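Single-letter residue listing:
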Amino acid sequence: MNKRDYYEILGVPRDATDADIKKAYRKLALQHHPDRTNGDKGSEEKFKEINEAYSVLSNQEKRSQYDTYGHNFERMGGMGHEDIFGSTVFEDLIGDVFSDFFGGRRSSRSRKFRGKDIEAELDLTFEEAVMGADKEFTIKRTVACTQCSGTGARTGTKPSVCRACHGSGQINYRQGFLTVTKTCHACNGSGYEIIDKCKECNGTGRVLKEEKIKLHVPSGVDTDSVLRIQGKGSEGYNGGPAGDLHVVTKVKEHALFKREEQNIILDMFISYAQAVLGDTIKIPTLYGDEELKIPVGTDSGETFVLKHKGIGNPYDSRKGDQIVRVHIEVPKHISDRQKEILKEFDEITKAYGRTGSKGLFDKVKDLFQQ
Ligand SMILES: [Zn+2]
Ligand SMILES: [Zn+2]
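Residues numbered from 1 in each chain as written. Chains lettered and ligands numbered in written order. Predicted model: local features only at pLDDT ≥ 70, side-chain atom pairs only at ≥ 80, totals over all residues. Heavy atoms only, no water.

## Some thoughts on the packing of helix α2 (residues 18-32) against helix α3 (residues 41-57)
At a minimum axis separation of 9 Å, α2 and α3 run at an interaxial angle of 160°. Viewed along their axes, α2 and α3 adopt a mutual orientation that is roughly antiparallel. Along this stretch, α2 crosses α3, giving a crossing that reads as left-handed. Here Ile21, Lys22, Tyr25, Leu28, Ala29 and His32 of α2 lie close against α3, whose contacting residues are Ser43, Lys46, Phe47, Ile50, Asn51, Tyr54 and Leu57. (Axes fitted to C-alpha atoms, helices over the stretch in contact; angles between N-to-C directions. Helix = DSSP H or I, 4+ residues; strand = E, 2+ residues; numbered from the N terminus. Parallel < 35°, antiparallel > 145°, perpendicular 65-115°, else oblique. Left-handed = near helix turned anticlockwise from the far one by under 90°. Contact = heavy atoms within 4.5 Å.)

Below you can see the structure in the form of structure tokens.
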């Protein structure tokens, strides 16, 4: 993905104030709005880009995350998965801009709107997240009601002109010497009202529909990674484009492996004898068993690195390592024979001193006996 710098898109410096950003956005949004450029492809892309840049830079939290992580900030969980072009940002801001520009004369029913972005969670096993997987799941998305073709009116009827505003979508009323124009509340500015509602959608013109989604999950995703599927969000209004589907991955814990960014941590237990004498042990990795040499005199808690046996990254080719942390296992139940040998071992250890020379305790004792 070739993403441009959000600041560059809006043509503002990195230390631009919120007001500067808003001003730059308004200017560009007006210039590149699809309605003004007759659906020119290049302009449409540009318009999307401008909106995306603004949705991030106008939000304090997202902006600071973007400043820190760049375009990767979505992967850092910074996006919060809310709508980028959904009704919140799109209708509020564009509506704002256009009511300024067109004097609020545009009725929303004829306006092309992009559909909302929607979010779905996807459970993955540890292996699926690390290795990548082809998944199929069902989502519910809002689409135009087929019964009424999205009009909201019962089959055979049509929405009629709003009686409150006579189709203008606006109500004028006097306030002192002034005439104030407000959006008609009866029709929400659409200029239409539905008297005989479609039963399927209850007059809204839209219904929730289940849809199967097939998705290839790239290797290396983690919990709360966001995968975006274009055009699988809510359907647009009046021929506007559909929103996107944001698939948020939830990775299940593994019985053996823990994940630390791109490294895999594995806790292995070895016996005291193995720690003292050294050994070669089998280590499970995601890529099959590996042999690991435990050196003579290994301490509990020591770590060993199996290079490149960790997790890849969907954005670069670097692969993490598997880190094996060994722990000396203290048996809870032992046989009489084992006890006997251990006691004997302990006697010899004491006679030698713990490290072959005199232990600290003996040295202290010697000091007092002098
Ligand atoms: Zn309907
Ligand atoms: Zn009205």
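Further notes follow.
## Some details on the sheet that holds strand β10 (residues 257-260)
Ordered in space as β10-β11-β15-β14, the 4 strands form an open sheet in which the pairing is mixed. Of all the strands in the sheet, the pair left with one neighbour each is β10 and β14 (303-306). Between one strand and the next, the sheet's axes are offset by a mean angle of 30°, whatever the strand orientation. Sheet analysis places β14 next to strand β15 (residues 322-328), joined by 4 bridges and oriented antiparallel. Its bridge partner lying in β15, Leu306 is registered against Gln322. (Pairing = 2+ DSSP bridges.)

## Topic: the packing of aromatic side chains
Scanning all chains against the criterion turns up 3 aromatic pairs. Taking the centre distance of 4.0 Å and the plane angle of 10° together, the rings of Tyr25 and Tyr54 count as stacked. With a gap of 29 residues between them, Tyr25 in helix α2 and Tyr54 in helix α3 connect regions that are remote in the sequence. The class for Tyr25 is buried, based on a relative accessible area of 1%. (Phe/Tyr/Trp six-rings, centres within 6.5 Å; stacked < 30°, edge-to-face > 60°. Buried < 20%, exposed > 50% of the residue type's maximum accessible area, 1.4 Å probe, protein only.)

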